[in-house]
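Coordinates in review
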Amino acid sequence: MSSPDVQQSLSTIQCDACQSAVQSGGQQTVSFLLLEGLTIPVLGCDDHLEQFSSICELSSDDTADILHHRPAGGLSCPSCRLAPYNASYPMIQVQDGAIVPIACPEHQSEIAQRFQTGLRTRQQLTSDLVTHIDS
Ligand SMILES: [Zn+2]
Ligand SMILES: [Zn+2]
């Protein structure tokens, strides 16, 4: 089966490192995002994973971390543990790169929401800053 949509969206990733991480299908470079007791497997390059985690962190009082190895305790969510890599997984665009969470649908949408919330928070912070400079 061909999946033109996925191919098309892959080509919109401008970061080569992200593209090859996503294309590897988790064979080599799965990292883990730790946030508020959640452990979400993610694909992407180091730079964009760092950016992703720092933006997610803005949506939380907790800190977000990226692990480059499977955490000692494994994954907290049994459904995430079983989630196979699937080329139709939604990508989350991070500036000129993109990351793919390899999680159960529930945690995929949770982490996408976190990221959106974090982005909004950052926008507010930035506009606050501008207001301060103006006054
Ligand atoms: Zn990247
Ligand atoms: Zn899960």
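Data block above holds the structure.
In this report, the structure presented in the accompanying data block is examined. (Residues numbered from 1 in each chain as written. Chains lettered and ligands numbered in written order. Predicted model: local features only at pLDDT ≥ 70, side-chain atom pairs only at ≥ 80, totals over all residues.)

Moving on: the overall build of the chain. A count of helical and extended segments in the chain gives five helices and five strands. Tracing the chain from N to C terminus, the helices and strands come up as α-α-β-β-α-β-α-β-β-α. The proportion of buried residues among the 135 residues of the chain is 31%. When contacts within the chain are restricted to residue pairs at least 6 apart in sequence, long-range pairs at least 24 apart make up 65% of them. (Helix = DSSP H or I, 4+ residues; strand = E, 2+ residues; numbered from the N terminus. Buried ≥ 20, exposed ≤ 12 C-beta atoms within 10 Å, placed from the backbone. Contact = placed C-beta atoms within 7 Å.)

Hydrogen bonding along the main chain pairs the strands of a sheet, whether they run parallel or antiparallel. If you walk across this open sheet you meet the five strands as 3-1-2-5-4, and the pairing is antiparallel. Bordering the open sheet on either side are strand 3 (64-67) and strand 4 (92-94), each of which pairs with just one other strand. Geometrically, the sheet is characterised by an average inter-axis angle of 35° between neighbouring strands, direction not taken into account. Helix-sheet contacts for helix 2 (residues 16-23) involve strand 2 (38-43) and strand 5 (97-101), and the interaxial angle to strand 5 is about 25°. Helix 3 (residues 46-57) rests against strand 1 (30-35), strand 2, strand 3, strand 4 and strand 5 of the sheet, and its axis sits at about 155° to strand 3. (Pairing = 2+ DSSP bridges. Axes fitted to C-alpha atoms, helices over the stretch in contact; angles between N-to-C directions.)

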